[in-house]
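# Chains, contacts and geometry: an overview
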Amino acid sequence: MNMDLADQLKDADVSYDDLQRALSDCILSVSGWRAVFSADGDEESHTEAVRPALLMIAAMAAEAFIRYLGKKSPRVVVGSDARPTGKALTSVIVRTMIALGAEVSFTGVTAAPEIMAYSNDGFDGFFYVSASHNPVGHNGFKCGVSGGVLTGDENEKLKAVFLSIVKESDSVGRIRSLSTSASGKECMRVFSEMENEKEKALRYYESFVMRTASADDSFRIPFGIVVDFNGSARAASIDIPFLEKHGCRVKALNSIPGSIVHAIVPEGENLETARKALETAHSEDPSFMIGYMPDNDGDRGTFVCITEDGSAVIIDAQRVFALVSSIDLMHARLLNPEGRVAIAVNGPTSLLSDDIAKRLGVSVFRSDIGEANVVMLAEKLREEGYIVPVCGEGSNGGIITYPARVRDPMNSVMTIAKLWSVPGLYDHLMEALGGEKGLVRVDSLLSAFPEYYMTPAFSRDAVLKIKSHDFDALKLEYEKILLSEIDKNMPSGCTFWEIKQYEGSHEETGLGPEHRPCPSSGGYKVQFSGSDGVPAAYLWLSRSRTEPVCRVMVCIKGDNRKEHDRLLSWQRSMVERADRALI
């Protein structure tokens, strides 16, 4: 680490007004605190330089986290994903924490599941610099304890501390003085020990992945995997040596951290590199059966797989979620035939997961969007006596395998490998789904899934830029339009509708503000059912916590793209008209 970077606040030309303007550019949500940090303001910029006012914001966020932990000398592990601005931000954060008396371990470029797992090794918390799937010029912070990000309530406490620091009249001068007060000797020690700390993190993380999979060193992954790292933090993690250690052949692409060669979000055309590489690898060696691409912090991975004719196909996020969760749920059901097995998902997770769960005798519970919300819901269910082997957000392919508290493509690979390693698992799963037993194939399992079509979470049609800022008021206007139009717009085959409203880990059924848990910032679902009472479609509306947009989605049973598009057009129109009514 360049020590000049660590001292960059000393002469930073930042006024109090600059700081407040920078704060207004930040989104502070339970999913992460984010902004465009690149000095040129370009969200696609690859510059390492950070706007000086946002360097101040980073230092203040670090101070807020130390205050939040409430200990005299807390042990904190700090790391970042592979974005160019990560170097400057982590150097300021580490220096600030040292000045405040924290005992800091720095792991450099680190995958999110890696640093979160390592934080269980005697640390009081972790501070991770990342903007997940956002464009490369973005960055931000995820803070947490006990291996997981802070819950919504705890994030609000941290946010309150942070805002109180930023609003102090002498905040700029005080943070500048704090930055220069850090012991140069201690800073040098922390940065010089980065490689050693990184090795410790890798060892702990590998052990954690094995514990999560309930596997030992004899566990084998009997297929080849293509990985398009796209310069992500996973390129600096355990992936290649871990997979090879367990018998897997690996073909790695774009495996230098920071070598981001295409868009970060692992959706749609961004998976073409992995798909094409898998086809080529399979033609040369038939053992290559799947591939994946992570986002930049490496907690999310979307997969591609080989089909029977040797071509490779992209598995969309919802089906990735259904694939991995169905394997673990079936395994849990085989181990606990009389137990209450359940899965916790977010509101916009496809009804495909409900359909599969019903066939497996598994209960489904839903929370609002946000990784911390589904993890908290899963923990509540376990306290009530349910067996919850997995949870997560199907809308972004985020499978969280217990006891992990963060999604992780390594855990997903280990789960897929269970199809071969657990006797009878594949046949039992295919029988429950009405598919043909026999030779284990990922594409055959996917083909046995019932048909559902859903708006991809990151498609252009799923995003609406709106001008109103009051989401609760927007919901009120939306409901007025919905009630006047719903009868003539019912999905084909549906006869009944109901409203599901979300906040944190809570889901409530009912129309109107009286059914919106405070602070009424959560997601909103219009769910449709047939005469049999089984859900067959829904409309989804939520306000993004990490971007200034609303998200709309439609899920419908079957493969009726025309009906999906009609419902999505109606949903977008209702939201746009509700927005105009508030301006």
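Quick caveat: nothing in here was measured; it's all calculated off a predicted structure.

For Leu-55, the location among the structural elements is in helix 3 (residues 52-69). Through-space distance from the C-alpha of Leu-55 to that of Asp-299 is 25 Å; in sequence the pair is 244 residues apart. Once residues within four sequence positions are removed from consideration, Leu-55 is found in contact with Gln-8, Leu-9, Val-50, Ala-88, Leu-89 and Val-92.

A grouping of Asp-40, Asp-42, Glu-43 and Glu-44 is seen on the molecular surface, where their side chains present a negatively charged patch. Counting through the fold element by element, Asp-40 comes out in the loop between strand 2 (32-36) and helix 3.

This part takes up the side chain of Ser-80. With respect to the secondary-structure elements, Ser-80 resides in strand 3 (residues 75-80). Those residues in contact with Ser-80 that lie beyond four places of it in its chain are Gly-86, Thr-90, Gly-108, Val-109, Thr-110, Tyr-128 and Val-129.

Glancing now at the nonpolar core. Formed by 101 residues in total, the largest nonpolar core has its most connected members in Leu-243 and Leu-445. Looking at which element gives the most residues to this core, the answer is helix 12 (residues 317-335), with nine residues. Other than its neighbours up to four places away in sequence, Leu-243 contacts Ile-221, Ile-225, Cys-248, Val-250, Tyr-292, Met-410 and Val-413.

Time to look at the pairing of strand 2. The buried fraction of strand 2 is high, at four of five residues. Alignment of strand 1 (residues 27-29) against strand 2, held across three bridges, turns out to be antiparallel. Opposite Ile-27, over in strand 2, you have Arg-34 as the bridge partner. Linking strand 1 back to strand 2 in an antiparallel pair, the connection comprises two residues. Two elements, strand 2 and strand 6 (residues 138-145), share four bridges in a ladder whose sense is antiparallel.

Evaluation of the coordinates by the stated rule reveals 39 salt bridges. Arg-577 is paired through a salt bridge with Glu-485; the nearest N and O atoms lie 2.6 Å apart. Here Arg-577 is found in helix 19 (residues 561-581), whereas its partner Glu-485 is found in helix 18 (residues 471-485), with 92 residues between them in sequence. We classify Arg-577 as partly exposed; its relative accessible area is 28%. Note on Glu-485: relative accessible area 13%, which makes it buried. The structure contains a network of salt bridges with shared partners spanning Lys-142, Asp-297, Asp-299, Glu-371 and Arg-407.

Conventions used here
- Within each chain, residue numbers correspond to sequence positions counted from 1 in written order.
- Whole-chain, interface and lining totals are the exception, using all residues; otherwise, since this is a predicted model, local features are given only for residues with pLDDT of at least 70 and side-chain atom pairs are given and counted only at 80 or more.
- The side-chain figures draw on all heavy atoms in the structure; neither hydrogens nor water molecules are used.
- A helix here means a DSSP run of H or I that spans at least four residues, while a strand means a run of E at least two residues long, and both kinds are numbered starting from the N terminus.
- Two residues form a contact once any of their heavy atoms are found within 4.5 Å.
- A patch consists of residues exposed above 30% relative accessible area that lack any salt bridge, with like charges linked at up to 9 Å and nonpolar side chains (Val, Leu, Ile, Met, Phe, Trp, Tyr) linked at up to 5 Å.
- Surface exposure here means Shrake-Rupley accessible area, sampled with a 1.4 Å probe, where a residue is shielded only by the protein chains that are shown.
- Within this document, salt bridges are pairs made up of a side-chain nitrogen of Lys or Arg and a carboxyl oxygen of Asp or Glu, the two lying within 4 Å of each other.
- We count Lys and Arg on the positive side and Asp and Glu on the negative side, and we leave His and both chain ends out.
- Just so you know, the charge point we use is NZ for Lys, CZ for Arg, CG for Asp and CD for Glu.
- Buried Ala, Val, Leu, Ile, Met, Phe, Trp, Tyr and Cys residues that are joined via side-chain atoms within 4.5 Å together make up what is termed a nonpolar core.
- Under the scheme applied here, a residue whose accessible area is under 20% of the maximum for its type counts as buried, over 50% as exposed, and between as partly exposed, the area being computed with a 1.4 Å probe on protein chains only.
- Each pair of strands is called paired provided DSSP finds at least two bridges between the two strands.

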